[in-house]
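Residue-level structure breakdown
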Amino acid sequence: MHRINHKELRIAFSNGNICWKVFGNGSKIILAFHGFGQSGEAFAQLARTFSDHTIYCMDLPFHGATTIANKNVALTPSQIVEMANNLIRQEGIGEFSMIGFSIGAKLVFPLIRGLAAQITEVTLIAPDGIKENIWYRMVTGSPAMRRVFRCILQNSRTTDTLITAAKALGIVDGKTAAFAQASLADERSRARVYDIWCYLRKLKLNAAEILHTIHKHRLAVVFVIGEKDRLVPPKSIVGLSAKIEIKKMVRLRGGHYHLIAQYLQSIGSDGGAKP
């Protein structure tokens, strides 16, 4: 496997510093956004598959080397556009495509609306946020419920009991339950769940606005879904995807947390087709 160029950029925005991990040095640009518990390294393989691309992978808030100055002030769509614009200006980026996995897709949607004229294609892998999760809305929607949520996460026995119950009720499968338990195994990881969920609470998808933008700019959208995904099941994206004119559906056999690797393997086996 050939070695790829790798560097890190730390670029300030109005509430901290974003770390962008940069892979490759091709003329075509991809901005990538990983899922919970990962870092920008999750998309390093893209640069090995596409030697003519440079991949800018954001470390999401509370992940990797990104730092947030005030975590109690929720992230806004305009701040996400600010993050990207600061990178674009520093690196002299013109057109680019985007790829977002799971919770990372929450940052992709504001960029579609704010920077559509520069975007060539968007790939959404098991995108979170298309269909609002009622539990997420409940535990982050008010200061009182956020306090309750914090108390729950501070008690490892409580979180283990809730995950076990969710598995028994069929809400999550065994692999997802195991991942959740591993993600909440220590105090630091439980604090990160609380921080990222609450920090992103204002990022709500307006389907009508996003569809208008996609159609106005004739953006191509690739949906990647996992047949065994219980966290973002295929049916959760149907309402939005059915209304998009220029789209491609990629169906993979895996569950949620294997989809990035499976997708990169699939496009690599296609001879490097554009993501």
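Relevant structure appears above.
Rules and cut-offs
Residues numbered from 1 in each chain as written. Predicted model: local features only at pLDDT ≥ 70, side-chain atom pairs only at ≥ 80, totals over all residues. Heavy atoms only, no water. Helix = DSSP H or I, 4+ residues; strand = E, 2+ residues; numbered from the N terminus. Buried < 20%, exposed > 50% of the residue type's maximum accessible area, 1.4 Å probe, protein only. Contact = heavy atoms within 4.5 Å. Areas by Shrake-Rupley, 256 points an atom, 1.4 Å probe, with all protein chains shown as cover. Pairing = 2+ DSSP bridges. Right-handed = clockwise from strand over helix to strand, strands pointing away. Phe/Tyr/Trp six-rings, centres within 6.5 Å; stacked < 30°, edge-to-face > 60°. Core = buried A, V, L, I, M, F, W, Y, C linked by side-chain atoms within 4.5 Å. Axes fitted to C-alpha atoms, helices over the stretch in contact; angles between N-to-C directions. Parallel < 35°, antiparallel > 145°, perpendicular 65-115°, else oblique. Left-handed = near helix turned anticlockwise from the far one by under 90°. Nonpolar A, V, L, I, M, F, W, Y, C, P; charged D, E, K, R; others polar.

A short note on the overall build of the chain
Along its length, the chain carries eleven helices and nine strands. Buried residues in the chain amount to 50% of all 275 residues. Considering only residue pairs separated by 6 or more positions, the chain has 74% of its internal contacts joining residues 24 or more positions apart. For the chain, the accessible area works out to roughly 13,300 Å², and carbon and sulfur atoms hold 51% of it.

What to know about the pairing of strand β8 (residues 220-226)
Where burial is concerned, most of β8 is hidden: seven out of the seven residues are buried. Taken together, the five bridges between strand β7 (residues 119-125) and β8 define a ladder with parallel strand orientation. Among the inter-strand pairings, L124 is bridged to a residue of β8, identified as F223. Two strands pair when backbone bridges link them, and β8 and strand β9 (residues 247-252) are joined in this way by six bridges, in the parallel orientation. Bridge pairing links I225 to R251 in β9.

Quick notes on the pairing of strand β4 (residues 53-58)
In terms of residue burial, β4 counts as a mostly covered element, since six of its six residues are buried. Side chains H53, I55 and C57 project from β4 onto one buried face, and the interleaved T54, Y56 and M58 project onto a second face that is buried too. Relative to β4, strand β2 (residues 16-23) runs antiparallel, the two being bridged by four bridges. Within the sheet, the bridge partner assigned to F23 lies in β4 and is I55. Handedness of the crossover joining strand β3 (residues 28-33) and β4 through helix α1 (residues 44-49) is recorded here as right-handed.

Here we look at the packing of aromatic side chains
On inspection of all chains with the given rule, the structure shows four aromatic pairs. Ring geometry for W20 against F33: centres 6.1 Å apart, planes inclined by 75 degrees, an arrangement best described as edge-to-face. Separated by 13 residues along the polypeptide, W20 in strand β2 and F33 in strand β3 bring together distant segments of the chain. For the pair W20 and F33, one class covers both residues: buried. With a centroid separation of 5.7 Å and 40 degrees between ring planes, the pair formed by F149 and Y194 is classed as tilted. Here the residue F149 occupies a position in helix α5 (residues 143-154), and Y194 occupies one in helix α8 (residues 187-199), the gap between them amounting to 45 residues. You can call Y194 buried: its relative accessible area is 11%. In this structure an aromatic cluster arises from ring pairing among F149, Y194 and W197.

What to know about the nonpolar core
Within the largest apolar cluster, 59 residues are counted, with the highest numbers of intra-cluster contacts made by W20, F33, Y56, F96, M98, I112 and L200. If you tally residues by element for this core, the top one is helix α3 (residues 105-115), at seven residues. Contact partners of F33, with chain neighbours within four places excluded, come to W20, F43, M58, L60, M98, I99, G100, F101, G104, L107, V108 and L111. Counting residues in each nonpolar core, the second largest holds 25 residues, with I30, A44, C57 and I260 among its members.

Structural notes on α3
Of all eleven residues making up α3, nine are buried, and the element is well covered by its neighbours. Among the residues of α3, A105, K106, L107, V108, F109, P110, L111, I112 and L115 are the ones counted as buried.

Quick notes on unusual backbone geometry
Positive phi, close to 70 degrees, is recorded for F62, a residue that is not glycine. In this structure, F62 sits in the loop between β4 and β5 (67-68). Unlike most non-glycine residues, R218 shows phi in positive territory, near 50 degrees. As for its position among the elements, R218 is in the loop between α9 (207-216) and β8.

Focus on the packing of α3 against α9
Between α3 and α9, the shortest axis-to-axis distance is 9 Å and the interhelical angle comes to 50 degrees. It follows that α3 is oblique to α9 by the angle criterion. Seen from above, α3 lies across α9 with left-handed handedness. Across from F109, I112 and R113 in α3, the residues of α9 making contact are E209, I210, T213 and I214. The residue inventory of the contact of α3 with α9, partitioned by class, reads four nonpolar, one polar and two charged.

The analysis is restricted to geometry; functional conclusions fall outside its scope.
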